[in-house]
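Structural overview for review
Below, each chain spelled out in residue letters.
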Amino acid sequence: MLLPIPISLYYEDGSHFALLISALITMGAGFASYKFTSFKQDVRAKEGFAIVTFGWIAASFFGSLPFMLSGAIPSFTDAFYETMSGFTTTGATIMTDIEATPEAILLWRSTSHWLGGMGIILLSLAILPFLGVGGMQLFKAEVPGHVADKLTPRVAQTAKVLWGVYLLFTVAEMLLLMYGGMNWFDALNHSFATLSTGGYSTRNASVGAYESSFIHYIITLFMFLAGANFALHYRFLVGDFKAYFQNTEFKIYCAIVLGASVLIGIDVYGRYGDLGQSMRDTLFQVTAITTSTGFGTADFEQWSVGSQCILLALMFIGGSAGSTAGGMKIARIYLLFRFMAAETVRLIHTNAIVPVRMGGTTVPREVLTTLIGYFVLYMMTYGIGVLLFAFLGLDLITALSATVAALSNIGPGLGSVGPTENYAHFPMLGKWLLSLLMLMGRLELFTVVVLFSPAYWRK
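None of these values were measured; they are calculated from a predicted model. (Residues numbered from 1 in each chain as written. Predicted model: local features only at pLDDT ≥ 70, side-chain atom pairs only at ≥ 80, totals over all residues. Heavy atoms only, no water.)

A short note on the packing of helix H17 (residues 365-391) against helix H18 (residues 396-407)
At a minimum axis separation of 9 Å, H17 and H18 run at an interaxial angle of 135°. One finds that H17 runs oblique with respect to H18. In this structure, the crossing between H17 and H18 has a hand that is right-handed. Between H17 and H18, the residues in contact are Tyr-378, Thr-381, Tyr-382, Gly-385, Val-386, Phe-389 and Ala-390 and Ala-399, Leu-400, Thr-403, Val-404 and Leu-407, respectively. Here the contact of H17 with H18 is built from residues that sort into nine nonpolar, three polar and no charged. (Axes fitted to C-alpha atoms, helices over the stretch in contact; angles between N-to-C directions. Helix = DSSP H or I, 4+ residues; strand = E, 2+ residues; numbered from the N terminus. Parallel < 35°, antiparallel > 145°, perpendicular 65-115°, else oblique. Left-handed = near helix turned anticlockwise from the far one by under 90°. Contact = heavy atoms within 4.5 Å. Nonpolar A, V, L, I, M, F, W, Y, C, P; charged D, E, K, R; others polar.)

Below, the structure written as structure tokens:
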């Protein structure tokens, strides 16, 4: 919260006092928590789930203070929602006039994306050594993907490696956007939003406000990189140049993005009459939806129903495991299909042993069981969310798309939450429900749901 204060003074937007007070309140609460909390006992997996979940809720609570104290978002419900949407990298905003918002508040809004993208607790592992005890439980509870990929023996060192790659890509994108004509402030904010796959823009028209093809393609490239496994980026940067195309999930990821872009590009070509622009917009939107970034350059609600159905399917699938993208993750979907294929073979050959493999490695049965449980829980949560939104008075298309947009941390949906709309019109109860769905989606469901289990609270 202190970091945007120089920006406030530079632009003279008057928000520096609100940021300072917010920072002092947060530091005071953090210091009190530190003084009255014992770190003598090991942090087990059970405590790890609670620390991660309540840590994110607390971050969203304190993160909402600059919005309220500056007057940018006076309502606590709206401010908490906007902050939760930021930290979970959903990017589903309630702000109706973004360009009228003080610059420092916009930077704080984008910073919440950037912090949430790689993870607040992961950041803590990198800079707070006293969380090194039991840190692996927090790492497993928060890092996206079905398996926490330890790149180095120590958790804190792993966190530093991941943050190093994250920072490198952020700086690289910012410099390229500035080279393409974007001013430094917009370049910084859009880089934060891109690498975190968040999607908060400093413009009301999102990336569509920039007519530069270069800017569109640069953001498309870095959205794509952010949607891939960061472990692959690290391995590539240290000299393993075959890392990407030896990875099954990455190859499927490329096929999904390119395949969907070609299908939709052909479908919407008639609306554009310009092959180059139609392919540019479709590649951008497909990448933005697949990676859950949610940036917009085109109003895809004007596209055909078939194209919208493809985008809706991409919202469920999401990006790669180990990325900052949301959704169910490509690795999960792939393994579920392989499992179904194996079970079909077993129906025909009852005594056959049909292992499920990914990248030449046999996946243990317990991992498959967890994947099935996750899929069932995801769909159940989705169904309940749609039903509750319908009871709140939303139309079916909006309820269907808003639920997956929150649960997969996408941002824009269809209906009244399309790419040219926002979530300001949702009732207060609906915003709290969206906040819960965003948190559950960002923390991979089980991390939050386990807290509702009576068995969790038994000694």
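Having seen the structure, we can now continue with the description.
Thoughts on the side chain of Thr-220
By secondary structure assignment, the location of Thr-220 is in helix H11 (residues 213-226). Residue Thr-220 is classed as buried on the basis of its relative accessible area of 7%. For Thr-220, the residues in contact, after removing those within four places along its chain, are Leu-283, Phe-284 and Thr-287. (Buried < 20%, exposed > 50% of the residue type's maximum accessible area, 1.4 Å probe, protein only.)

With respect to a nonpolar patch on the surface
On the surface, Tyr-10, Leu-167, Val-171, Leu-175, Met-178 and Trp-184 cluster together into a nonpolar patch covering about 590 Å² of accessible area. Sort the elements by how many residues they give to the nonpolar patch and helix H9 (residues 155-179) lands first, with four residues. (Patch = residues over 30% accessible without salt bridge, like charges linked within 9 Å, V, L, I, M, F, W, Y side chains within 5 Å. Areas by Shrake-Rupley, 256 points an atom, 1.4 Å probe, with all protein chains shown as cover. Salt bridge = Lys/Arg side-chain N within 4 Å of Asp/Glu carboxyl O.)

Points about the side chain of Thr-324
Positionally, Thr-324 belongs in the loop between helix H15 (305-317) and helix H16 (330-348). Polar contacts involving the side chain of Thr-324 include one to the main-chain carbonyl oxygen of Leu-195, which spans 2.9 Å. Excluding anything up to four places from it in sequence, Thr-324 contacts Thr-89, Gly-117, Met-118, Tyr-166, Leu-195, Ser-196, Thr-197, Ala-226 and Phe-230. (Polar contact = N/O pair within 3.5 Å; in protein donor to acceptor, adjacent residues only side chain to side chain.)

Some remarks on unusual backbone geometry
Positive phi values are uncommon outside glycine, yet Ser-292 reaches one of about 65°. Topologically, Ser-292 is positioned in the loop between helix H14 (275-290) and H15. Even without a glycine there, the phi angle at Glu-444 is positive, about 65°. You can see Glu-444 is positioned in the loop between helix H19 (428-442) and helix H20 (446-449). Given a relative accessible area of 8%, Glu-444 falls into the buried group.

Structural notes on the confidence of the model for the protein
Mean pLDDT over the protein stands at 89; residues scoring 70 or higher make up 92%. Confidence drops under pLDDT 50 across residues 127-133; counting only partners more than four residues distant or on other chains, this segment forms eight contacts. Ignoring residues within four places in sequence, the model shows residues 144-148, a span with pLDDT below 50, making 19 contacts including any to other chains. (pLDDT = per-residue confidence, 0-100.)

Concerning the nonpolar core
Of all hydrophobic cores here, the largest spans 106 residues; its most connected members are Ile-219, Phe-250, Leu-311, Tyr-378, Phe-389, Tyr-423 and Phe-426. Discounting chain neighbours no more than four positions away, the residues touching Phe-389 are Leu-394, Ala-399, Thr-403, Phe-426, Gly-430, Leu-433, Leu-434 and Leu-437. If you look at the next biggest cluster of nonpolar residues, it comprises twelve residues, including Ala-321, Ala-342, Val-363 and Leu-368. (Core = buried A, V, L, I, M, F, W, Y, C linked by side-chain atoms within 4.5 Å.)

Considerations on the pattern of salt bridges
Scanning the model with the defined rule gives eight salt bridges in all. Note that Arg-203 is salt-bridged to Asp-186, the shortest N-O span being 3.4 Å. Remark: Asp-186 occurs in helix H10 (residues 184-195) and Arg-203 occurs in the loop between H10 and H11; sequence separation between them is 17 residues. A relative accessible area of 27% places Arg-203 in the partly exposed class.

Digging into the packing of aromatic side chains
By the definition in use, this model includes 35 aromatic pairs. Relative to Phe-250, the ring of Phe-224 has its centre 5.9 Å away and its plane inclined at 70°; by these criteria the two rings are edge-to-face. Of this pair, Phe-224 sits in helix H11 while Phe-250 sits in helix H13 (residues 248-272), and the two are 26 residues apart along the sequence. Ring pairs connect the aromatic residues Trp-114, Trp-163, Tyr-166, Phe-169, Phe-192, Phe-222 and Phe-230, which therefore count as one cluster. (Phe/Tyr/Trp six-rings, centres within 6.5 Å; stacked < 30°, edge-to-face > 60°.)

Observations regarding the environment of Met-84
You can see Met-84 is positioned in helix H5 (residues 76-87). Expressed as a C-alpha distance, the spacing of Met-84 and Ala-321, which sit 237 residues apart in the sequence, is 22 Å. Once residues within four sequence positions are removed from consideration, Met-84 is found in contact with Ser-60, Ser-435, Met-438 and Leu-439.

As for the environment of Gly-265
Of note, Gly-265 is situated in helix H13. For Gly-265, a relative accessible area of 0% gives the class buried. With 170 residues separating them in the primary sequence, Gly-265 and Met-95 have C-alpha atoms 31 Å apart. Those residues in contact with Gly-265 that sit more than four places away from it in its chain are Ser-278, Met-279 and Thr-282.

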